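# Report on the structure
Letter by letter, the chains look like this.
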Amino acid sequence: MQNSDIDKAATAWPPLAGTIFVPHTEEEYNQIVALLDRLIDDVGEDESHPLASLMEILGVLIEHYEDAHVPELVNE
């Protein structure tokens, strides 16, 4: 990443930092899930949509939280 890219990211990030983050609590997790749900409603399955990659990132953050905090169901 070039310095100009970092400068652009530094300018763009502050307004987003309160919306897109690694969840550490159930409340934060619920916020991320709600955001993903809204994006799914808007973006759907359009992989060319400008926010499609954001949906993927949120999915990874949700999966990471669930792996660490949600017990797996055991089938008997």
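Residues numbered from 1 in each chain as written. Predicted model: local features only at pLDDT ≥ 70, side-chain atom pairs only at ≥ 80, totals over all residues. Heavy atoms only, no water.

Across its full length, the chain carries 3 helices and 0 strands. Computed over C-alpha atoms, the radius of gyration of the chain comes to 15 Å, more than 25% over the 11 Å expected from 2.2 N^0.38 for 76 residues, which places it beyond the range of a compact globule. Along the first, second and third principal axes, the C-alpha set of the chain runs to 55 × 30 × 20 Å. In the chain, which comprises 76 residues, the share counted as buried stands at 21%. Here the chain has roughly 6,100 Å² of accessible surface; of this, 54% comes from carbon and sulfur atoms. (Helix = DSSP H or I, 4+ residues; strand = E, 2+ residues; numbered from the N terminus. Rg over C-alpha atoms; globule rule 2.2 N^0.38 Å. Buried < 20%, exposed > 50% of the residue type's maximum accessible area, 1.4 Å probe, protein only. Areas by Shrake-Rupley, 256 points an atom, 1.4 Å probe, with all protein chains shown as cover.)

As a further point, take the nonpolar core. Counting 15 residues, the largest nonpolar core has Leu 39 and Leu 58 as its most contacted members. Breaking this core down by element, the ones donating at least two residues are α2 (26-43) and α3 (52-69). Beyond its immediate chain neighbours, meaning those up to four positions away, Leu 39 contacts Gly 44, Leu 51, Leu 54, Met 55 and Leu 58. (Core = buried A, V, L, I, M, F, W, Y, C linked by side-chain atoms within 4.5 Å. Contact = heavy atoms within 4.5 Å.)

Along the polypeptide, Met 55 turns up in helix α3. Sequence separation between Met 55 and Leu 35 is 20 residues, and the spatial gap between their C-alpha atoms is 8.9 Å. In this structure Met 55 touches Leu 36, Leu 39, Ile 40, Val 43 and Gly 44, once residues within four positions along its chain are discounted.

We now examine the packing of α2 against α3. Where α2 meets α3, the axes come as close as 10 Å, and the angle between the chain directions of the two elements is 150°. Viewed along their axes, α2 and α3 adopt a mutual orientation that is roughly antiparallel. Regarding α2 and α3, the two cross each other, and that crossing is left-handed. For the pair α2 and α3, the contacting residues are Glu 26, Tyr 29, Ile 32, Val 33, Leu 35, Leu 36, Leu 39, Ile 40 and Val 43 in the first and Ala 52, Leu 54, Met 55, Leu 58, Gly 59, Ile 62, Tyr 65 and Glu 66 in the second. Its residues placed into classes, the contact of α2 with α3 shows 14 nonpolar, 1 polar and 2 charged. (Axes fitted to C-alpha atoms, helices over the stretch in contact; angles between N-to-C directions. Parallel < 35°, antiparallel > 145°, perpendicular 65-115°, else oblique. Left-handed = near helix turned anticlockwise from the far one by under 90°. Nonpolar A, V, L, I, M, F, W, Y, C, P; charged D, E, K, R; others polar.)

Further remarks concern the packing of aromatic side chains. Inspection of the entire model under this criterion finds 1 aromatic pair. Pairing Tyr 29 with Tyr 65 gives two aromatic rings, centres 4.7 Å apart and planes at 20°, and the pair type is stacked. Note that Tyr 29 is positioned in helix α2 and Tyr 65 in helix α3, a separation of 36 residues in sequence. Both residues of the pair, Tyr 29 and Tyr 65, count as buried. (Phe/Tyr/Trp six-rings, centres within 6.5 Å; stacked < 30°, edge-to-face > 60°.)

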